[in-house]
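Summary of the model geometry
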Amino acid sequence: MIRILLTFLAMAWLTLMVLAPVVIVLVEALSAGVGAWWQAVSDDETRTSVALSLKIAAIVVPCNAVFGVAAAWSLARFRFPGRSLLLALLDLPLSVSPVVSGLVFVLLFGAQGWFGAWLQAHDIQIIFAVPGMVLATAFVTLPMIARELLPLLESQGDDAELAARTLGASGWQVFWLVAFPRMRGALAYGVLLCTARALGEFGAVSVVSGHIRGQTDTLPLHVEILHNEYHFQAAFAAASLLLLVGVATLLLRRLHTTEAGR
Amino acid sequence: MSLSRPKRAPVALPGLGLSLGITVTWLSFIALIPLIALVIRAGSLGWHGWLDAISGERVWLSLRLSFGASLMAATLDTLAGLLIAWVLCRYKLPGQAFWDVLVDLPFALPTAVAGIALTALWVPGGFLGRMVAPLGWKIAFAEPGIVVALAFIGLPFVVRTVQPVLQSAEKELEEAAESLGASPSQVIWRVVLPTLRPALLTGFALAFARAVGEYGSVIFICGNIPMKTEITPLLIVSRLEQYDYAGATALATIMLALSAVILALLQVLQSGRRLALR
């Protein structure tokens, strides 16, 4: 009896609080038919915003991937003074408010910022332009790949790499032939998570973007613009693209964890 | 495990200099220097300038709202998260995998999407707003809407911290208590909850930390009414839009200090848990 009641309550909460928002995105996006959905999705401004989102992700993710591998290698394989401080700092970007993550770059590079006058004199635009959005996205997604690799490297131990080393492999040979193949799966998964987050980031990017239509609106920002202009169906159509990215990430995560569990 | 192995000189493995160099450089450029710049900038306001920027009723009301709504949302998440983790671990649900994946959805859904979806659901004419309207409840464009949005994004933090503990907790312990004559409520209060307490606290803190800084999912549903439904991150943005950099910076330092405190608290909680597991 209690069991049925608890099951019902848990399912009701998940249905109303989590499932319903997803369903409403699809319902609203398709409320005027598939044709209208396609029209909204293939609209010029939507396409530009998708392109900008992809461009930002294409810059940020490789940087954070190199950082992630380097951070995981140094933190998992070596013990040095300041290591635990570095570990704690690694988590900081994830716990800072996205608005603050954007603000710090405005303070550095904005018109009134530290480098503002110098940048203006040299005609370099960072805030209210793509470089600022890249920086803000890099900030919020900074530790995501490192966080996937670290526990893996810790649990693998360094026996294989040490063995390769004693057998005469050079440093780079150890990395490319022994260490890298063993971290490939987790790296791919971290890249996936980081990409999804980079495409969907809203708060931090919103602060530095300046919302210039067709120039600095990413897909999530475009959703906001459409919504604020009461183009609800178009807003939800654009949002449905982001929803697809999110759901795809979840399903791949599911695959990844069941494979890792085997 | 590498931790339990006897220590030996870390001579053989290459790449400490290079990997640590990349790590520290990128971390400094992207995160540390900007954050330090924020603190220095706040320092340049002076003590009085800083106090001036964070005093005033609008700031006070926004902080109270942010804290209050986040506490309430984190509490709801802890209760619902415990329930959901319990049901997922201990009972077999029809479509178990589906519900399990669903729990992670708030992690994966971009906040702007969550924001407009929740708004569409809870506006007075929306699918769920219509149902609660006869009760006289106003959810969207009012405080409850903020709590709903924050509870949405925080739920997976609690479920995902409680679930593994519940899974590894020995069911025999509960069965033993039962066979020794404990009533179901005694089993729950004396056996189950004490085991879960650190995980519940961690989940609560994670959900709270996320909620207090949240922006995207809230701004659509809260209606942005100054002094009424204006959360602190929103006030920071509106100050920035008016080029009030000093005011935005001062508020941001409060948020930053709060994140640092919660992060430190979580470290303590987690190291406590690790000790307890040993």
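What you see as residue numbers is a count from 1 along each chain, following the sequence as written. Just so you know, chain letters begin at A and ligand numbers begin at 1, following the order they were written in. Whole-chain, interface and lining totals are the exception, using all residues; otherwise, since this is a predicted model, local features are given only for residues with pLDDT of at least 70 and side-chain atom pairs are given and counted only at 80 or more.

**What about the overall build of chain A?**
- Only DSSP runs of H or I with at least four residues qualify as helices, and only runs of E with at least two residues qualify as strands; both kinds are numbered from the N terminus onward. When you go through chain A residue by residue, the secondary structure sums to 13 helices and zero strands.
- Moving toward the C terminus, one meets the helices and strands of chain A in the order α-α-α-α-α-α-α-α-α-α-α-α-α.
- Dimensions of chain A, computed from the C-alpha atoms along their principal axes, are close to 70 × 65 × 35 Å.
- In this scheme every C-beta is placed from the backbone, and a residue whose C-beta has 20 or more other C-beta atoms within 10 Å is buried, one with 12 or fewer is exposed, and one in between is partly exposed. Each of the 262 residues in chain A was classed as buried or not, and the buried ones make up 48%.
- Taking contacts inside chain A between residues at least 6 apart in sequence as the whole, the part at least 24 apart equals 74%. Here, residue contact means that the backbone-derived C-beta atoms of the two residues sit within 7 Å.

**Things to note about the overall build of chain B**
- Tallying secondary structure elements over chain B gives twelve helices and zero strands in all.
- Ordered by position from the N terminus, the helices and strands of chain B form the series α-α-α-α-α-α-α-α-α-α-α-α.
- Projecting the C-alpha coordinates of chain B onto the three principal axes gives extents of approximately 70 × 65 × 30 Å.
- Counting all 278 residues of chain B, 44% fall into the buried class.
- Within chain B, contacts between residues separated by at least 24 positions form 77% of all contacts whose residues are at least 6 apart in sequence.

**Remarks on the interface of chain B and chain A**
- With 70 residues of chain B in contact, the opposing surface of chain A contributes 78 residues.
- With 15 residues, helix H1 (residues 16–43) of chain B is the largest single contributor of residues to the side of chain B that touches chain A.
- Looking at the side of chain B that touches chain A residue by residue, the classes come out as 58 nonpolar, ten polar and two charged. Just so you know the grouping, Ala, Val, Leu, Ile, Met, Phe, Trp, Tyr, Cys and Pro go in nonpolar, Asp, Glu, Lys and Arg go in charged, and all remaining residues, Gly too, go in polar.

**Thoughts on the nonpolar core**
- Judged by nonpolar contacts, the single largest core of 167 residues is most densely connected at A:Leu103, A:Ala239 and B:Val113.
- Domain extents, as shown, originate in an automatic or database domain assignment. Mapped onto the domain boundaries, this core takes at least three residues apiece from domain 1 (1–30) and domain 2 (32–261) of chain A. Buried Ala, Val, Leu, Ile, Met, Phe, Trp, Tyr and Cys residues whose C-beta atoms connect them within 7 Å together make up a nonpolar core.

**Topic: helix H7 (residues 143–168) of chain B**
All names here are of chain B.
- Over its 26 residues, H7 runs 38 Å from end to end, which matches the ideal 38 Å to within 8%, given 1.5 Å per residue.
- Bend angle per residue: angle between axes fitted to the 7 residues ending at that residue and the 7 residues starting there. Of all the bends in H7, the largest measures some 40 degrees and sits at Gly 154, one to four residues before the proline Pro 156.
- Burial of H7 is extensive: 19 of the 26 residues sit out of reach of the surface. How far a helix is expected to stretch is found by multiplying one less than its residue total by 1.5 Å.

**Quick look at unusual backbone geometry**
All names here are of chain A.
- In this model, Asp 123 sits at a positive phi of 60 degrees, which is unusual for a non-glycine residue.
- Tracing the sequence through the fold places Asp 123 in the loop between helix H6 (116–121) and helix H7 (130–141).
- By the C-beta count within 10 Å, which is 6 here, Asp 123 ends up exposed.
- A positive phi angle, close to 60 degrees, is found at Phe 128, a residue other than glycine.
- Following the sequence through the fold, Phe 128 ends up in the loop between H6 and H7.

**What to know about the packing of helix H9 (residues 159–166) of chain A against helix H10 (residues 171–200) of chain A**
Residues and elements named next belong to chain A.
- Axis definition: a line fitted to C-alpha atoms, limited for helices to the stretch in contact. Angles are taken between N-to-C directions and run from 0 to 180 degrees. The contact between H9 and H10 brings their axes to 10 Å, and the two run at 140 degrees. Relative to H10, the crossing made by H9 is right-handed. Residue-level contacts link Ala 160, Glu 161, Ala 164 and Arg 165 of H9 to Val 174, Val 178 and Ala 179 of H10. By definition, any crossing whose near helix is turned counterclockwise from its far helix by less than a right angle is left-handed, and any crossing with a clockwise turn is right-handed.

**Focus: the environment of B:Gly223**
Residues and elements named next belong to chain B.
- Among the secondary structure elements, Gly 223 is positioned in the loop between helix H10 (216–222) and helix H11 (232–241).
- Gly 223 sits in the partly exposed class, given 16 other C-beta atoms within 10 Å.
- Between the C-alpha atom of Gly 223 and that of Glu 143, which follows or precedes it by 80 residues, the distance is 9.6 Å.

**Considerations on the domain arrangement of chain A**
Residue and element names in this part refer to chain A.
- Once the domains are mapped, chain A shows domain 1 (1–30) and domain 2 (32–261).
- Look at where the C-alpha atoms of domain 1 and domain 2 centre, and you get two points 30 Å apart.
- Contact residues are listed per partner, giving six residues for domain 1 and ten residues for domain 2.

**Observations regarding the environment of A:Leu192**
Residues and elements named next belong to chain A.
- By the element assignment, Leu 192 lies in helix H10.
- Overall, the presence of 19 C-beta atoms within 10 Å leaves Leu 192 in the partly exposed class.
- Leaving out residues up to four positions away in the same chain, Leu 192 has contacts with Thr 249 and Leu 252.

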